[in-house]
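# Descriptive structure summary
Okay, here's what each chain looks like letter by letter:
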Amino acid sequence: MDSGEQEREGVAERWTRATVYPDMWVDPDDDPRESGEQPVDERGILLDYLRGYRLTLEMKCAGLGAEQMARRSAPPSTMSLLGLVRHLTDGERHFRRVLGGEDAPPLYRTDQDRDADFDGATPDQEAVDAAWEQWRTEVARTDRCLAGVTDLSACNAGHSDLGPEPGGRHQLRDLLVAQIAEYARHCGHADLLRERIDGRVGQ
């Protein structure tokens, strides 16, 4: 499809802000994921990956308005960038619920609507602002929880629905890998959602 056909079809042209590597989101000097010393121990590496994917989520949503944040991918999916923020907010709470046994039930998902984090994502700026504020609150709470558990072999204190044994025991390293995988999966979704919204590309 050429640019004329794209315009007629309402498809955004692909573009990037990067100038050094055209397949990247931003130039290396402007990428917050590249800041700081590279960790060399297992715990530091896992936490750095988690940090990087959290930053990626924020970067993929930067500069968008409420309608763009809430724009659905393609029928019948109800996935949107705003829905991903809400979904990963509940993911942060799930992590603490399993790791620390905290009383942190989902904020969006319910037994009646397991996709409420996506279904309830509305194109309203107050809803977008509230979702980001809640996500940052939950991220900070997770980080405080992690700061209190330094041993990667420490097992979960709460009920786990991960793995083959419901309620089973999992080491912190397992839970961190699962959390990283969850962010990585949804950052891949965010890549496609953002490109569809305004054509911006980059890893």
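Structure report, in brief. Owing to the predicted nature of the structure, the values given are computational and were not obtained by experimental measurement. (Residues numbered from 1 in each chain as written. Predicted model: local features only at pLDDT ≥ 70, side-chain atom pairs only at ≥ 80, totals over all residues. Heavy atoms only, no water.)

## Concerning the pattern of salt bridges
What counts, and what does not: The salt bridge criterion pairs a side-chain nitrogen of Lys or Arg with a carboxyl oxygen of Asp or Glu, the two atoms within 4 Å. Note on classification: 1.4 Å probe, protein chains only; a residue is buried when its accessible area is under 20% of the maximum for its type, exposed when over 50%, partly exposed between these limits.
Taken as a whole and judged by the stated rule, the model has 14 salt bridges. The partner of arginine 71 in a salt bridge is glutamate 67, with the nearest N and O atoms 2.6 Å apart. Owing to a relative accessible area of 43%, glutamate 67 belongs among the partly exposed residues under this scheme. A salt bridge links arginine 96 to glutamate 102; the shortest N-O distance between them is 3.0 Å. With a relative accessible area of 32%, glutamate 102 lands in the partly exposed category. Here the salt bridges share partners, and the residues they tie into one network are Arg93, Arg96, Glu102, Glu138 and Arg141.

## Observations regarding the packing of helix α2 (residues 42-61) against helix α7 (residues 172-198)
Short version of the rule: Angles shown run from 0 to 180 degrees and are taken between the N-to-C directions of axes, each axis being a line fitted to C-alpha atoms and, for helices, limited to the stretch in contact. A run of H or I in DSSP becomes a helix once it reaches four residues, and a run of E becomes a strand once it reaches two; helices and strands are each numbered from the N terminus. By definition in this entry, angles of less than 35 degrees are roughly parallel, angles greater than 145 are roughly antiparallel, angles of 65 to 115 are roughly perpendicular, and the rest are oblique. Definitions for this section: a left-handed crossing has its near helix turned counterclockwise from the far helix by less than a right angle. A right-handed crossing has that turn clockwise. Amino acids are sorted into nonpolar (Ala, Val, Leu, Ile, Met, Phe, Trp, Tyr, Cys and Pro), charged (Asp, Glu, Lys and Arg) and polar (every other residue, Gly among them).
Contact pair α2 / α7: the axes reach a minimum separation of 9 Å and the direction vectors enclose 25°. Here α7 runs roughly parallel to α2, going by the angle between their axes. Considering only the axes of α2 and α7, their crossing is left-handed. Partitioning the contact of α2 with α7 into residue classes produces 16 nonpolar, two polar and seven charged.

## Looking at the nonpolar core
So the rule is basically this: Take the buried residues of types Ala, Val, Leu, Ile, Met, Phe, Trp, Tyr and Cys, join any two whose side-chain atoms come within 4.5 Å, and each joined set is a nonpolar core. Contacts were defined at the residue level, with two residues in contact if any of their heavy atoms lie within 4.5 Å.
If you look at the biggest cluster of nonpolar residues, it comprises 37 residues, and the most contacted ones within it are Leu57, Met69, Leu81, Val85, Trp132, Trp135 and Leu176. Elements that contribute at least two residues to this core include exactly α2, α3 (66-70), α4 (81-99), α6 (125-147) and α7. The leading source of residues in this core is α7, at nine residues. Ignoring any residue separated from it by four or fewer positions in sequence, one finds leucine 176 in contact with Leu46, Leu47, Leu50, Phe95, Leu146 and Leu152.

## Here we look at the side chain of arginine 200
This is how the line gets drawn: Here Asp and Glu are counted as negative and Lys and Arg as positive; His is not counted, and neither are the chain ends. We define a polar contact as two N or O atoms separated by no more than 3.5 Å, with the added condition that, inside protein, one atom must be a possible hydrogen donor and the other a possible acceptor, whereas residues neighbouring each other in sequence contribute only through side-chain atom pairs.
The residue arginine 200 is located in the segment after α7 in this model. An unpaired buried charge is present at arginine 200: no salt bridge exists, and aspartate 198, the closest side chain of opposite charge, is 6.4 Å distant. From its side chain, arginine 200 meets the backbone oxygen of tryptophan 25 in a polar contact 3.1 Å long. Setting aside anything within four residues of it in sequence, one finds arginine 200 in contact with Trp15, Arg17, Trp25, Val26, Arg194 and Glu195.

## Focus: the environment of methionine 79
Tracing the backbone through its elements, the reader meets methionine 79 in the loop between α3 and α4. Distance in space between the C-alpha atoms of methionine 79 and leucine 193 is 8.6 Å, their sequence separation being 114 residues. Excluding anything up to four places from it in sequence, methionine 79 contacts Arg71, Arg72, Ser73, Leu84, Phe118, His189 and Leu193.

## Observations regarding α6
Each full turn of the α-helix corresponds to 3.6 residues, which orients residues three or four apart in the same direction. What counts here: In this scheme, a helix's expected span is set at 1.5 Å multiplied by one less than its residue total.
The end-to-end C-alpha distance of α6, which contains 23 residues, comes to 33 Å, matching closely the 33 Å that a straight helix rising 1.5 Å per residue would cover. Among the residues of α6, Val128, Ala131, Trp132, Trp135, Glu138, Val139, Thr142, Cys145 and Leu146 are the ones counted as buried. Buried positions along α6 lie against α2, α3, α4 and α7.

## Notes on unusual backbone geometry
Cis geometry marks the peptide bond from proline 75 to proline 76; its omega dihedral reads 5°. Mapped onto the fold, proline 76 is located in the loop between α3 and α4.

## What to know about the side chain of glutamate 138
For glutamate 138, the position within the fold is in helix α6. Those residues in contact with glutamate 138, other than ones at most four positions away along the chain, are Thr89, Glu92, Arg93, Arg96 and Leu107.

## Digging into the state of the cysteines
Here, the word disulfide means a covalent bond between the sulfur atoms of two cysteines. Going by this rule: A pair of cysteine sulfur atoms is labelled a disulfide when the two atoms are within 2.5 Å.
The final tally for this structure, using the stated rule, is zero disulfides. The closest cysteine sulfur to the non-disulfide-bonded cysteine 155 is located on cysteine 145, 14 Å from its own sulfur. On the accessibility criterion, cysteine 155 (34% relative accessible area) is partly exposed. The cysteine cysteine 187 is free of any disulfide, with cysteine 61 supplying the nearest cysteine sulfur at 8.8 Å.

Distances and angles like these do not, on their own, reveal function.
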